[in-house]
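# Inside the fold
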Amino acid sequence: MSFEVLDAALPEWLTRHGLHVLMKGREGEDVRVVPIVDDAGDRYSIWFVQEAGLLAIYAEDYPVRWADHQRWSQTFDPADLPRGLEEAYYAVETWILVREHTRTPYLAA
């Protein structure tokens, strides 16, 4: 699986929103996962899967109570990737705001 198109779009988006990306999974496989933590320590993530020339973008939260779990997903043509990235981030930001939390952007050293 190649992430070339995504990798070209990620740096600007990550910097704009104060995020970082994990590029290797536990088994050493190529992945693209963007972890997000809010001021209360609640965790969220955005991750990507390539499917038949399209890019599926997923956003998910990891609440204390599974009954409060939320998930967003949508598939985008690579040409619509910037819109897809923003929509996924907006979903996570909405969950954070609904909980009356905020987040501190990741600042690279």
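This write-up is about the structure you can find in this document. (Residues numbered from 1 in each chain as written. Predicted model: local features only at pLDDT ≥ 70, side-chain atom pairs only at ≥ 80, totals over all residues. Heavy atoms only, no water.)

Note that glutamate 60 resides in strand E4 (residues 54–62). An unpaired buried charge is present at glutamate 60: no salt bridge exists, and arginine 71, the closest side chain of opposite charge, is 4.1 Å distant. A distance of 2.5 Å separates polar atoms of two side chains, one belonging to glutamate 60 and the other to histidine 69. Setting aside its immediate chain neighbours within four residues, glutamate 60 contacts Tyr44, Ser45, Trp47, Trp66, His69, Gln70, Arg71 and Trp95. (Helix = DSSP H or I, 4+ residues; strand = E, 2+ residues; numbered from the N terminus. Buried < 20%, exposed > 50% of the residue type's maximum accessible area, 1.4 Å probe, protein only. Lys, Arg positive; Asp, Glu negative; His and termini not counted. Salt bridge = Lys/Arg side-chain N within 4 Å of Asp/Glu carboxyl O. Polar contact = N/O pair within 3.5 Å; in protein donor to acceptor, adjacent residues only side chain to side chain. Contact = heavy atoms within 4.5 Å.)

What follows concerns the pattern of salt bridges. Per the counting criterion, the structure on display carries eight salt bridges. Between arginine 16 and glutamate 86 there is a salt bridge, with the nearest N and O atoms lying 2.8 Å from each other. You can see arginine 16 sitting in helix H1 (residues 4–17) and its partner glutamate 86 sitting in helix H2 (residues 81–98), a full 70 residues away along the chain. Arginine 16 sits in the partly exposed class, given a relative accessible area of 47%. Aspartate 30 is the salt-bridge partner of lysine 24, the closest N and O atoms lying 2.6 Å from each other. For lysine 24, a relative accessible area of 54% translates into the label exposed. Residue classification places aspartate 30 among the partly exposed positions, given a relative accessible area of 43%. Taken together, the shared-partner salt bridges in this structure form one network comprising Glu12, Arg16 and Glu86.

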